[in-house]
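Residue-level structure breakdown
Read off the chains here:
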Amino acid sequence: MRITCPCCGERALDEFAYYGDASVKRPDIASPTAMADFVAYSFDRVNAAGPHRELWYHSAGCHLWLVVTRNVANHEILNVEPARDVARATQQLPTPGRGSA
Ligand SMILES: [Zn+2]
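Every chain is numbered independently, its residues counted from 1 as its sequence is written. Local features in this predicted model are restricted to residues whose pLDDT is 70 or higher, and side-chain atom pairs enter the listing and the counts only when it is 80 or higher, whereas totals over whole chains, interfaces and linings include all residues.

1. Here we look at the overall build of the protein
Counting from the N terminus, the helices are DSSP H or I runs at least four residues long and the strands are E runs at least two residues long. Of regular secondary structure, the protein possesses two helices and six strands. Burial in this document is a count-based property: other C-beta atoms within 10 Å of a residue's C-beta are tallied, and the residue is buried at 20 or more, exposed at 12 or fewer, or partly exposed in between, with C-beta positions derived from the backbone. Looking at the protein as a whole, 9% of its 101 residues are labelled buried. We call two residues in contact when their backbone-placed C-beta atoms lie within 7 Å. The long-range share in the protein, meaning contacts at least 24 apart out of those at least 6 apart in sequence, stands at 46%.

So, in C-alpha cells, the structure goes:
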C-alpha cells in the first residue's frame, strides 16, 4: 500500500504511522456521562467493510497529520487530506493569516 502525502507525494506505507479511526470524536471528560462515553468511544466500533476515515502521521517524512479515506475491503486509498484542513472544516477553526484578533 502506498499513500500520497499532500506535501511529499506518493510514499511507501512504512513512512507512515497509523493512529486509528478518524471518524470518532473523543468524549468530553467533564461530562456527567464521561465514563459511559469513554467506554463507548473505546469499544463500540462498527468495523464495516468499505470506505473508512483513518488518522495517519507521516513520521518518516514531513510530519504532517493526515486523514486518509481508505476502502478497508481492498486497501484502495480514496482520499488523503491534511488533518488540520479537516479540523478547520468540521470545527470552523480560523485559517492562519486570516484569523481574527
Ligand atoms: Zn509528507
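2. Some words on the environment of Val-68
With respect to the helices and strands, Val-68 occurs in strand S5 (residues 65-71). With 14 residues separating them along the chain, Val-68 and Glu-54 place their C-alpha atoms 5.2 Å apart. Val-68 has contacts with Ile-3, Glu-54, Trp-56, Ile-77 and Val-80, leaving out every residue within four places of it along the chain.

3. Looking at the sheet that holds strand S4 (residues 51-57)
Note: two strands are recorded as paired if DSSP finds a minimum of 2 bridges between them. An order of S3-S4-S5-S6 is seen for the four strands of this open sheet, with the pairing classed as antiparallel. Looking at strand neighbours, the two that pair on one side only are strand S3 (17-21) and strand S6 (77-82), the edges of this open sheet. Taking each pair of neighbouring strands and ignoring which way they run, the sheet shows an average axis angle of 30°. Fitted lines through C-alpha atoms serve as axes, helices being fitted only where they are in contact, and the angles separating the N-to-C directions of these axes extend from 0 to 180 degrees.

4. A short note on the nonpolar core
Note on soluble globular proteins: their nonpolar side chains tend to be buried together. Here a nonpolar core is just a set of buried residues of the types Ala, Val, Leu, Ile, Met, Phe, Trp, Tyr and Cys, joined wherever their C-beta atoms sit within 7 Å. In this structure, Ile-3, Cys-5, Phe-16, Trp-56, Leu-66, Val-67 and Val-68 together form the largest nonpolar core, which totals seven residues. Taken together, the elements giving at least two residues each to this core come down to strand S1 (2-5) and S5. Considering every element that reaches this core, the biggest residue donor is S5, with three residues.

5. Regarding the environment of Val-39
The topology assignment puts Val-39 in helix H1 (residues 34-43). Val-39 sits 12 residues away from Pro-27 along the chain, and the two C-alpha atoms are 9.8 Å apart.

6. Structural notes on unusual backbone geometry
Backbone geometry places Asn-47, a non-glycine residue, at a positive phi of 55°. Checked against the element boundaries, Asn-47 lands in the loop between H1 and S4. Phi at His-75 takes a positive value of approximately 65°, unusual for a residue other than glycine.

7. Details of the confidence of the model for the protein
pLDDT is a residue-level measure of predictor confidence that goes from 0 to 100. In this model, the protein carries a mean pLDDT of 88, and residues with pLDDT of at least 70 account for 87%. No element of the protein has a lower mean pLDDT than helix H2 (residues 83-91), at 78, and none a higher one than strand S2 (residues 9-12), at 97.

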